[in-house]
Each structure stands twice: as structure tokens, then as C-alpha cells.
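These are the residues of each chain, in order.
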Amino acid sequence: MDETHPAHRLGADDHPLNRIPIEISVSVGKARPLVKDLLCLAENAVLALDKRIDDPVELYIGDRLIARGELQELEGGEPGQLAVRLTEVANDAGDLG
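Computed from a prediction, not measured in an experiment: that's the story for all the values here.

**Q** Give a detailed account of the sheet that holds strand S1 (residues 25-27), specifying residues and quantitative values.
**A** A sheet is described by the order of its strands in space; here four strands give the open sequence S1-S2-S3-S4, paired in antiparallel fashion. Strand pairing shows two members of the sheet lacking a second neighbour, S1 and strand S4 (82-89), which therefore form its edges. The average undirected angle you get between the axes of adjacent strands in this sheet is 40°. Both strand S2 (residues 57-61) and strand S3 (residues 64-73) contribute to a ladder of five bridges, which runs antiparallel. Residue pairing across strands places Tyr60 opposite Leu65, the latter belonging to S3.

Have a look at this one:
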């Protein structure tokens, strides 16, 4: 970050944008059932996704892909609480390989 960047001039903790929360969505996969199959779903039904359990998940802000990562259990959190370890982060142009 260069010295003309507003966050640098004010100090990272002083910049008002640093206190605004942002929602990140994590996508583990997609399903494409037929409507007739969707209407038959009931409790305990299984909906197959297009990803495997060890495939990377994708992180989005809105509809923009910002990173990829691996699901894992959060260390020190509640038992079973999920977290994402980032393995690939988009550059300023938003490109992910």
C-alpha cells in the first residue's frame, strides 16, 4: 500500500472503513435437480452436489469470486465449527487461476 492510500494516511485502525463488516459467502458446490425431483424432497433427503468433499470451496463477496480454500474445523472454536483455510486469493484485478 502506498503512502497516498487513505488507510495509510489515517493509520489502519483509524480509517472508518475498517469498522464496516462485510459478508463473505462460501460455496461448497451446486446442485441441478429437476423441479419434479425438488418437489419430492423431504426431511433426510440427500441432494448431490457437483463437488467432492476434498474439492476447494469458493469465497464470494456478492457475486464476485475473491478466494478459494479448504474447509476445516476451527481450532479453539465450538466443536464442529467450520472455517476456511485460504489457498488462493484474487489479485486486485479479481483474477483467480
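**Q** Go over the pattern of salt bridges with me, naming the residues and quoting the values.
**A** Applying the stated criterion across every chain, the model contains two salt bridges. Residue Glu58 is joined to Arg68 by a salt bridge in which the shortest nitrogen-to-oxygen separation is 3.5 Å. On the criterion of sequence distance, the pair formed by Glu58 in strand S2 and Arg68 in strand S3 is long-range, its members being 10 residues apart. Both residues of the pair, Glu58 and Arg68, count as buried. Across the pair Glu88 and Arg68 runs a salt bridge, and its minimum N-O distance is 3.4 Å. Residue Glu88 is found in strand S4, and its partner Arg68 is found in strand S3; the two are separated by 20 residues along the sequence. Given a relative accessible area of 27%, Glu88 falls into the partly exposed group. Among the charged side chains, a network of salt bridges with common partners joins Glu58, Arg68 and Glu88.

Cut-offs applied
Residues numbered from 1 in each chain as written. Predicted model: local features only at pLDDT ≥ 70, side-chain atom pairs only at ≥ 80, totals over all residues. Heavy atoms only, no water. Pairing = 2+ DSSP bridges. Helix = DSSP H or I, 4+ residues; strand = E, 2+ residues; numbered from the N terminus. Axes fitted to C-alpha atoms, helices over the stretch in contact; angles between N-to-C directions. Salt bridge = Lys/Arg side-chain N within 4 Å of Asp/Glu carboxyl O. Buried < 20%, exposed > 50% of the residue type's maximum accessible area, 1.4 Å probe, protein only.

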